[in-house]
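Read off the chains here:
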Amino acid sequence: MNNSKVVLFYGLSLIGALLLVLCASKSTLAQTGSLENQWMGPGMWLAIIFIVIIYAITTALYVFLEEAKAIHSSLQIIGIFIAVILGMILGMDALSGHDSVLAYMTFIAGGIVVIANIISLILLLKRPKNNYYGNFSMYR
């Protein structure tokens, strides 16, 4: 039961990350510089594909290597920091450009990623370690 909850929160984090990428492609920061990114441009689609691949790898890693708590914890902590930093930068830029809807969507998407990763991290750390070799008392 605990495993399905962690995968559920991984899915919620994926949805929040995809929303964060969509908000990033609509922001004014994405439309500056020599390699400007446009809404529905190839840069946005490559970012979406990259996010989906990263979440597919981490979900597969969780399903097949349940005992690797250190790897999962470090990936989730990195994801939390990236979501906070990216969400704050994009949200503040949208607020300075007087686009409050985009700013609120960015803050909400970043919040979804952060909260889902924190909950899945707590569930991951609360999971007991499996003993594949049985109990010592059964050999007596």
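Throughout, a residue's number is its position along its own chain's written sequence, starting from 1. Thresholds applied to this predicted model are a pLDDT of at least 70 for local features of residues and 80 or more for the giving and counting of side-chain atom pairs; totals over whole chains, interfaces and linings are not thresholded and use all residues. Hydrogens and waters are ignored; side-chain quantities use all the structure's heavy atoms.

Of note in this structure, histidine 98 is not a glycine but carries a positive phi near 60 degrees. Numbering of helices and strands starts at the N terminus; helices are DSSP runs of H or I of at least 4 residues and strands are runs of E of at least 2. For histidine 98, the location among the structural elements is in the loop between helix 3 (69-96) and helix 4 (100-126). Each residue is placed in one exposure class: buried if its accessible area under a 1.4 Å probe, protein chains only, is under 20% of its type's maximum, exposed if it is over 50%, and partly exposed if it falls in between. Using a relative accessible area of 76% as the deciding quantity, one classes histidine 98 as exposed.

Further remarks concern the environment of glutamate 67. Relative to the helices and strands, glutamate 67 is located in the loop between helix 2 (42-64) and helix 3. Assessed through its relative accessible area of 35%, glutamate 67 is described here as partly exposed. With 57 residues separating them along the chain, glutamate 67 and leucine 124 place their C-alpha atoms 9.8 Å apart.

Moving on: the packing of helix 3 against helix 4. When two helices pack together, their arrangement is given by the angle between the helix axes and the distance between those axes. For helices, the fitted axis covers only the stretch in contact; all axes are lines through C-alpha atoms, and the angles between them, taken along N-to-C directions, range from 0 to 180 degrees. Viewed as axis vectors pointing N to C, helix 3 and helix 4 meet at an angle of 165 degrees, and their least axial separation amounts to 8 Å. If you check the angle between helix 3 and helix 4, you find them roughly antiparallel. Between helix 3 and helix 4 lies a crossing of left-handed hand. Residue classes in the contact of helix 3 with helix 4 are distributed as 18 nonpolar, 10 polar and 1 charged. For this classification, under 35 degrees means roughly parallel, over 145 means roughly antiparallel, 65 to 115 means roughly perpendicular, and everything else is oblique. The crossing is said to be left-handed when, going from far helix to near helix, the turn is anticlockwise and less than a right angle, and right-handed when the turn is clockwise. Classification used: nonpolar for Ala, Val, Leu, Ile, Met, Phe, Trp, Tyr, Cys and Pro, charged for Asp, Glu, Lys and Arg, polar for all others including Gly.

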